[in-house]
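Structural features, examined
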Amino acid sequence: MTMQELYAAIGGDYAHAQRIMKLDKMIAKYLGKLVASGMDERLRAAGETLEPTEMFEAAHAMKGVCANLGLVALADAVGAVTEEFRPGATRQRSDAEVRALLDEVYALYQRVADGVAQYGEQS
Amino acid sequence: MMMVRKLKRRPLVLVVDDQEINRDLLGMILADEYEVAFAEHGEQALQILRERHQTVSLVLLDLMMPVMDGFEVLRQMREAPELARVPVIVLTADKSAELKALQMGAADFVTKPFDLPEVILARVARIVELAERREVILATERDPLTHLYTRSYFLEYVEQILASHPDYRMDAVVIDIERFHALNDLNGREYGDTVLRALAAAILEFLDSTDGIACRIEPDRFDIFCRHRDDYQAVLDHFEAKMTALSGRATVLLRMGVKPWREGVAPLVMFDRARVACNMLRGNAQTHLMVFDDEMHQREVYRQRLLNDLRPALEERQFIVYYQPKFNILCDPPRLSSSEALIRWKHPEFGMVSPGEFIPLFETHGCIHLIDDYVWKEAARQVAAWRDEFGVVVPASVNLSRSDLFDPTLRERLSQLVRDYDLEPRHLKLEVTESAYTDDPAQLAASLSALRALGFEIEMDDFGSGYSSLNMLSTLPIDVLKMDMKFIQNVGADKKSFRLVELIIDIARYLQVPVVAEGVETAEQISLLRSAGCKLVQGYYFSKPLPAEEFAKMIQKELVLEKETVS
């Protein structure tokens, strides 16, 4: 599996990642950092209570990093969570809909984690 | 040759983002061009900035962060002057935050997700360069000690004020600290700096109440360009009160010169005139404010003409040396003893210019040595000429200015001069004014001793006119004491004056130094001086100062008299 194939598999923008990080090994390094960061755990913890501030901060943090790494699908999904809980904004989704959105985020995140692991095993 | 670029420190960029990956990505993008420091949140960023604000060239600041967000960082940076100079580029994905950040002082923004690295680098480079230029401008625009404008920016802004407000009536004000160097020497430079800062603060406080700008134009001199007013005495009083309140350690006296607004006078000229007014107050203990007026202007133009005309006048021999005889009154009849060489300036436009006008002027402007050289040479030439014509030497006295006395080449200059005309040093007597004693008595004594060792005779001029002390008489190596003419003027009118003259002659006799009485005009004065034992007399009683050819006739008469006495 090449990095380009990995990005295709996880719904990412490889061209963006390459523009920022230049080399595949740098892209791999930062994807590895993302997976190791436990960023998803903070979101999962917030997702238990749906406490708005914590939800916004956890989602916002993940969205920013994912967007910079070119993980477009994950960034878009978690971006929707961010907007749902943006301070001052009115909630658009029910809690159930948010939990469904979070499940989508977790799944996308898991795809990234699995893909990164697979890429690591091959290289 | 080493390139400047290599010598130059790489700018330091502080990346502030709560996400390690974002920090790393930016660090990676910047690493080739910049030193990079990192902070995880606003509080940490401010701590780094406070410690390293002089070296941080730029902050890349995320807005949404735990502990302290980017907006609070911007707010605190704006409130701290030392941090406000550091430019900030905000990192944001939120369009609505961009405007707020820019309004809070951010210089630019970088969108998230990050754009092309080249775009980020270009934005960073542009802002760093702009900030560096601003730093350079700030460093040259303001005096670092007082934060007032520097000379060049001040003059530029003066022009701008006049161009943008042609209806404003603006005055030029110059403030000088009296004897600032002495203040520095006595109390230390740190104290001197404190005084300068305090005066600058008082000036800025004054400018809060009017339209105007100020600069430190010289180390201890301030220029102010402000709206016309008439109460400068009150302004000066306020400044002096601030100086007095500063410390009881030293008295700080100010001088203020003002050139009030007049249509059509260029700012530089206005400040020149304010400076002239200020300089006229030098050493004046009573008055500290001088407003430049038309009379002063005419006088200044005249003085400037004299200064400009000095060198051509020397070349064209407009200066004429006159000789006033000194007579020995202990002989009967009195006999010609020597002369004093006195300069006159026959100006082609102004006619005869009094030495009382041009000598102090040339002394102040450091060109009196040109006059002294001229008189010395002319007097030596004339004494030699009379010697060759009449077979007798009638010595001439010439003046030594203060600047001559501290000239290391003085001995050689005078020795060469008497050699050139085959004279003995005692044929050219050297007159030193007593006020020279106040400058540096030890140096003066050393200089005079060296001249005496060569055979020159020293005459102490104007004794009793100013700072006189018995100590001066006992420590200075002098050969003749010239009593100031003020003593003589009243000698016949009251007993006290005569007693004083007797006293001076007694002291001189005790010190074995002959006395010359100057300004003698009457037979009564001659009689009294003779009775007091005064040997030598100079004054209109015998003769006014004469041109050389007139004086020659006096020598001829003297020779005839001598022949008659012998036969």
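Just so you know, these numbers come straight off a predicted model, no measurement behind them. (Residues numbered from 1 in each chain as written. Chains lettered and ligands numbered in written order. Predicted model: local features only at pLDDT ≥ 70, side-chain atom pairs only at ≥ 80, totals over all residues. Heavy atoms only, no water.)

Observations regarding the sheet that holds strand β7 (residues 212-218) of chain B
Residues and elements named next belong to chain B.
- If you trace the 5 strands from one edge of the open sheet to the other, you get β7-β8-β6-β9-β10, paired in mixed fashion. The open sheet is flanked by β7 and β10 (289-291), the only strands paired with a single partner. Adjacent strand axes in the sheet meet at a mean angle of 20° when their direction is disregarded.
- Across 6 bridges, β7 lies against strand β8 (residues 221-227) in antiparallel orientation. Counterpart to Ile-213 in the pairing with β8 is Phe-225.
- With respect to the sheet, helix α11 (residues 232-246) is in contact with β6 (170-177), β8, β9 (254-259) and β10, its orientation differing from that of β9 by roughly 155°. (Pairing = 2+ DSSP bridges. Helix = DSSP H or I, 4+ residues; strand = E, 2+ residues; numbered from the N terminus. Axes fitted to C-alpha atoms, helices over the stretch in contact; angles between N-to-C directions. Contact = heavy atoms within 4.5 Å.)

Examining the sheet that holds strand β3 (residues 56-62) of chain B
All names here are of chain B.
- Pairing is parallel in the open sheet, where 5 strands are placed in the order β2-β1-β3-β4-β5. Edge positions in the open sheet fall to β2 (35-39) and β5 (108-111), since each of these has one partner strand only. Each neighbouring strand pair of the sheet contributes to a mean axis angle of 25°, computed without reference to strand direction.
- Pairing between β3 and strand β4 (residues 88-92): 4 bridges, direction parallel.

As for the side chain of B:Glu378
Residues and elements named next belong to chain B.
- Note on placement: Glu-378 falls in helix α15 (residues 368-390).
- Exposure remark for Glu-378: the relative accessible area of 13% places this residue in the buried category.
- When sequence neighbours within four positions are dropped, the list of residues in contact with Glu-378 reads Arg-317, Val-321 and Tyr-323. (Buried < 20%, exposed > 50% of the residue type's maximum accessible area, 1.4 Å probe, protein only.)

Overview of the interface of chain B and chain A
- Contact residues are listed per partner, giving 17 residues for chain B and 20 residues for chain A.
- Taking both partners together, chain B and chain A bury about 1600 Å²; carbon and sulfur atoms supply 67% of that area.
- Among the residues chain B hides against chain A, the three largest losses belong to B:Ile21, B:Met28 and B:Met64. Together they make up 32% of the total.
- In this assembly, chain B and chain A are joined by 3 salt bridges.
- Here A:Lys33 and B:Glu20 are joined by a salt bridge, their closest N and O atoms 3.1 Å apart.
- Between the two partners, chain B and chain A, sit 5 residue pairs in polar contact (both at pLDDT 80 or more).
- Sorting the residues of the side of chain B that touches chain A by element identifies α2 (20-30) and α7 (117-141) of chain B as the ones contributing at least two each.
- In terms of residue count, the dominant contributor to the side of chain B that touches chain A is α2(B) (7 residues).
- Tallied by class, the residues present in the side of chain B that touches chain A amount to 10 nonpolar, 2 polar and 5 charged. (Buried area = accessible area lost by both parts, 1.4 Å probe. Salt bridge = Lys/Arg side-chain N within 4 Å of Asp/Glu carboxyl O. Polar contact = N/O pair within 3.5 Å; in protein donor to acceptor, adjacent residues only side chain to side chain. Nonpolar A, V, L, I, M, F, W, Y, C, P; charged D, E, K, R; others polar.)

Focus on α2(B)
- The buried fraction of α2(B) amounts to 9 of the 11 residues, a majority that puts the element mostly inside the structure.
- Those residues of α2(B) that fall on the buried side of the exposure criterion are B:Ile21, B:Asn22, B:Arg23, B:Asp24, B:Leu25, B:Leu26, B:Gly27, B:Ile29 and B:Leu30.

What to know about the nonpolar core
Residue and element names in this part refer to chain B.
- If you look at the biggest cluster of nonpolar residues, it comprises 83 residues, and the most contacted ones within it are Phe-319, Phe-362, Leu-481, Met-483 and Leu-529.
- Per-element tally for this core: the top contributor is α15, with 12 residues.
- Apart from the residues within four sequence positions on either side, Leu-481 is in contact with Met-460, Phe-463, Leu-473, Ile-504, Ala-508, Val-513, Pro-514, Val-515 and Val-516. (Core = buried A, V, L, I, M, F, W, Y, C linked by side-chain atoms within 4.5 Å.)

Structural notes on unusual backbone geometry
- Here the bond from B:Lys112 into B:Pro113 is cis, since omega is -5°, no more than 30 degrees from zero.
- With respect to the secondary-structure elements, B:Pro113 resides in the loop between β5 and α7.
- A cis amide bond, omega 0°, links B:Asp332 with the succeeding residue B:Pro333.
- By secondary structure assignment, the location of B:Pro333 is in the loop between β11 (319-328) and β12 (335-347).
- The backbone phi angle of A:Lys22 is positive, close to 65°, even though this residue is not glycine.
- As for its position among the elements, A:Lys22 is in the loop between α2 (14-21) and α3 (24-37).

What to know about the packing of aromatic side chains
Residue and element names in this part refer to chain B.
- Tallying each qualifying case throughout the model produces 18 aromatic pairs over all chains.
- Consider the rings of Trp-345 and Phe-358, whose centres lie 5.5 Å apart with planes at 85°: the pair is edge-to-face. Residue Trp-345 is located in strand β12, and its partner Phe-358 is located in helix α14 (residues 355-364); the two are separated by 13 residues in the primary sequence. Of the two residues, Trp-345 and Phe-358, both sit in the buried class.
- Ring pairs connect the aromatic residues Phe-319, Trp-345, Phe-358, Phe-362 and Tyr-374, which therefore count as one cluster.
- It is Arg-123 that lies over the ring of Phe-109; its NZ or CZ is 5.6 Å from the centre.
- When the ring centre of Tyr-322 is taken as origin, the NZ or CZ atom of Arg-344, which lies over that ring, is 5.7 Å away. (Phe/Tyr/Trp six-rings, centres within 6.5 Å; stacked < 30°, edge-to-face > 60°. Lys NZ or Arg CZ within 6 Å of the ring centre and 35° of its normal.)

Quick word on the confidence of the model for chain B
- Put simply, chain B has an average pLDDT of 88, and 96% of its residues get 70 or more.
- Segment residues 1-7 of chain B is flagged for pLDDT under 50; beyond a separation of four residues in sequence, or across chains, it makes 2 contacts in the model. (pLDDT = per-residue confidence, 0-100.)

A few points about the pattern of salt bridges
Residues and elements named next belong to chain B.
- Tallying each qualifying case throughout the model produces 55 salt bridges over all chains.
- In this structure, Arg-255 engages Glu-178 in a salt bridge whose closest nitrogen and oxygen atoms are separated by 2.7 Å. With Arg-255 in strand β9 and Glu-178 in the loop between β6 and α9 (180-187), this residue pair connects regions lying 77 residues apart in the sequence. Note on accessibility: Arg-255 and Glu-178 belong to one class, buried.
- In this structure, Arg-275 engages Asp-223 in a salt bridge whose closest nitrogen and oxygen atoms are separated by 2.8 Å. With Arg-275 in helix α12 (residues 267-279) and Asp-223 in strand β8, the pair connects residues that are 52 residues apart, well separated along the chain. Asp-223 shares its class with Arg-275; the two are buried.

A closer look at the side chain of B:Gln382
Residue and element names in this part refer to chain B.
- Mapped onto the secondary structure, Gln-382 falls in helix α15.
- The class of Gln-382 is buried, set by a relative accessible area of 10%.
- The contact partners of Gln-382, leaving out residues within four places of it in the chain, are Tyr-323 and Ala-548.

Some details on the packing of helix α4 (residues 70-79) of chain B against helix α6 (residues 95-103) of chain B
All names here are of chain B.
- Direction vectors running N to C along α4 and α6 enclose 15°, while the axes themselves pass 10 Å from each other. With respect to their mutual orientation, α4 and α6 come out roughly parallel. Seen along the crossing, α4 lies across α6 with a hand that is right-handed. Every residue of α6 that contacts α4 at Phe-71, Leu-74 and Arg-78 is listed here: Ala-97, Lys-100, Ala-101 and Gln-103. (Parallel < 35°, antiparallel > 145°, perpendicular 65-115°, else oblique. Left-handed = near helix turned anticlockwise from the far one by under 90°.)

Thoughts on the environment of B:Met290
All names here are of chain B.
- Of note, Met-290 is situated in strand β10.
- Spatially, the C-alpha atom of Met-290 lies 7.8 Å from that of Met-280, the residues being 10 residues apart in sequence.
- Apart from residues no more than four positions distant in its own chain, Met-290 is found in contact with Met-256, Gly-257, Val-258, Ala-277, Met-280, Leu-281 and Met-296.

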